[in-house]
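So the chains spell out like this:
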Amino acid sequence: MTLIDRLPAPDDRIVILTGAGISKESGLDTFRDADGIWARVRLEDVATPEAFAADPDRVQAFYNDRRRMLREADIRPNAAHEALARLEAAWPGEVVVVTQNIDDLHERAGTRALIHMHGELLKARCMACDAINVHIDDLGARTPCPACTATGALRPHVVWFGEMPLEMERIGDLLGDCGLFVAIGTSGTVYPAAGFVQEARFHGRARTVEINLEPSEGHTLFHDCHHGPAGTLVPRLVGDLLAHANRSD
């Protein structure tokens, strides 16, 4: 039995939204779980433009810790990340992953068509010249911008509370013309991502699927809901889709 009652046509676009749940299975802390990061640190202190203006050293230290954790040897893509990369490589139509995560696990697994709507932890943005550069080491007040050499102007290339997520117009266009929308490891509480399922359904064509450890806040908006580990369910879903595409050749 397949995980989707109505499989998309092989030339249909597939849009996949991933959240913290998929990275948690790789050993990264989530933010909103009972034992997550926001249970230990006030987001107002480390994840707003106001916090950075008031105490940049504290904000940089918080993200420096996150960056070091991401480089630990035991943090690596899991079976769900790898399955999505296989789907992108083998599905006849377009597959785009939109992630709320700021880690690089999708890239390491091999995904290429990827939108980081909340930014990327391993990049820095210069407030003096707007340049965005790869940055894997600690950031601090004396770190020079590779583009303009200004010091004290680099910040993590992440979207803070009160800032607009990235590439929203492009994401809207993708949701407006897809045959399948899948949300993986998302709480359904953070907008605008929580509204993507409604955008996909508004146009009347997309089948919508939720994969999560437990029902999200918006689970009733999905056609199909499956609850369990992403590392188990996502490879099953990808297997169903690729088998369908092969039968349709």
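It should be emphasised that the depicted structure is a prediction, and the values quoted were computed from it without experimental measurement. (Residues numbered from 1 in each chain as written. Predicted model: local features only at pLDDT ≥ 70, side-chain atom pairs only at ≥ 80, totals over all residues. Heavy atoms only, no water.)

1. Some words on the environment of arginine 67
Here is the rule we go by: Counting from the N terminus, the helices are DSSP H or I runs at least four residues long and the strands are E runs at least two residues long. Note on contacts: a residue pair is in contact if any heavy atoms of the two residues lie within 4.5 Å.
By secondary structure assignment, the location of arginine 67 is in helix H4 (residues 56-70). Between the C-alpha atom of arginine 67 and that of histidine 223, which follows or precedes it by 156 residues, the distance is 37 Å. When sequence neighbours within four positions are dropped, the list of residues in contact with arginine 67 reads Leu121, Leu122, His135, Ile136, Asp137, Asp138, Leu139 and Pro156.

2. Details of the packing of aromatic side chains
The following threshold applies: Here is the rule: rings of Phe, Tyr and Trp (six-membered ring for Trp) pair when centre to centre is within 6.5 Å. Planes less than 30 degrees apart are stacked, more than 60 are edge-to-face, and the remainder are tilted. The buried label applies to any residue whose accessible area, calculated with a 1.4 Å probe on protein chains only, is under 20% of its type's maximum; exposed applies above 50%, and partly exposed to all values in between. Charge over a ring is defined by NZ of Lys or CZ of Arg lying within 6 Å of the ring centre and within 35 degrees of the ring normal.
Going through the model one piece at a time under the given rule, you end up with four aromatic pairs. With centroids separated by 6.4 Å and ring planes inclined at 45 degrees, the aromatic side chains of tyrosine 63 and tryptophan 160 adopt a geometry described as tilted. Pair noted here: tyrosine 63 is in helix H4 and tryptophan 160 is in the loop between strand S6 (154-158) and helix H7 (168-175), with a separation of 97 residues, a long-range link. Owing to a relative accessible area of 4%, tyrosine 63 belongs among the buried residues under this scheme. Centroid distance phenylalanine 181 to phenylalanine 222: 6.4 Å. Interplanar angle 15 degrees. Geometry classified as stacked. With phenylalanine 181 in strand S7 (residues 180-184) and phenylalanine 222 in the loop between strand S8 (207-212) and strand S9 (224-227), this pair connects stretches of sequence that are 41 residues apart. Just as phenylalanine 181 is buried, phenylalanine 222 falls in that class too. Ring-pair connections join several aromatic residues into one group, and the members of that group are Phe52, Phe62, Tyr63 and Trp160. The residue whose ring lies beneath arginine 66 is phenylalanine 62, and the NZ or CZ to ring-centre distance is 4.8 Å. Against the face of tryptophan 160 rests arginine 155, its NZ or CZ located 3.7 Å from the ring centre.

3. Comments concerning H4
Definition in use: Here the expected length of a helix is defined as 1.5 Å per residue gap, with one fewer gap than residues.
For H4, built from 15 residues, the straight-helix expectation of 21 Å at 1.5 Å per residue is met to within 8% by its first-to-last C-alpha distance of 21 Å. Every buried residue of H4 is listed here: Val59, Gln60, Phe62, Tyr63, Asn64, Arg66, Arg67, Met69 and Leu70. Buried residues in H4 make contact with helix H2 (43-46), helix H3 (49-54), helix H6 (105-109), strand S4 (119-126) and S6.

4. Section: unusual backbone geometry
For the peptide bond that leads from tyrosine 191 to proline 192, omega is 15 degrees, which places it in the cis range. Summarising the element assignment, proline 192 is placed in the loop between S7 and helix H8 (196-202). Backbone geometry places threonine 149, a non-glycine residue, at a positive phi of 70 degrees. Tracing the sequence through the fold places threonine 149 in the loop between strand S5 (132-134) and S6. Under the relative-accessibility criterion, threonine 149 is labelled exposed at 58%.

5. A look at the side chain of threonine 48
Which entries qualify depends on this criterion: By the criterion applied in these results, polar contacts are pairs of N or O atoms within 3.5 Å in which, for protein atoms, one can donate a hydrogen and the other can accept it, and in which residues neighboring in sequence qualify only through two side-chain atoms.
Looking at the element boundaries, threonine 48 is found in the loop between H2 and H3. Engagement of the side chain of threonine 48 in a polar contact is seen with the backbone nitrogen of alanine 51, the distance being 2.9 Å. If we ignore the near neighbours within four places in the chain, the residues touching threonine 48 are Leu43, Trp160 and Phe161.

6. Comments concerning the sheet that holds S6
As a reminder of what qualifies: DSSP bridges decide pairing: two strands pair if at least two such bridges lie between them. With axes taken as lines fitted to C-alpha atoms, and helix axes fitted only over the stretch in contact, angles between N-to-C directions fall between 0 and 180 degrees.
Pairing is antiparallel in the open sheet, where three strands are placed in the order S5-S4-S6. What marks the edges here is a single partner per strand, and that holds for S5 and S6. Strand-to-strand, the axes of this sheet are offset by a mean angle of 45 degrees, without reference to chain direction. Across three bridges, the pairing between S4 and S5 is antiparallel.

7. Regarding the pairing of S6
For S6, the buried fraction is high: five of the five residues fall into the buried class. Where S4 lies against S6, five bridges are found, and the strand directions are antiparallel. Its bridge partner lying in S6, alanine 124 is registered against proline 156.

8. Re the nonpolar core
Going by this rule: By convention a nonpolar core is built from buried Ala, Val, Leu, Ile, Met, Phe, Trp, Tyr and Cys residues, the set being connected through side-chain atoms within 4.5 Å.
Core analysis: the largest hydrophobic core is formed by 27 residues, its most contacted members being Ile14, Ile16, Leu87, Trp91, Ile184, Val234 and Leu241. Among the secondary structure elements, those contributing two or more residues to this core are strand S1 (14-18), helix H5 (79-90), strand S2 (95-99), S7, S8 and helix H9 (230-247). Ranked by residues supplied to this core, first place goes to H9 with eight residues. If we ignore the near neighbours within four places in the chain, the residues touching leucine 87 are Ile14, Ile16, Val95, Val238, Leu241 and Leu242.

Function-wise, these values are silent; they only describe arrangement.
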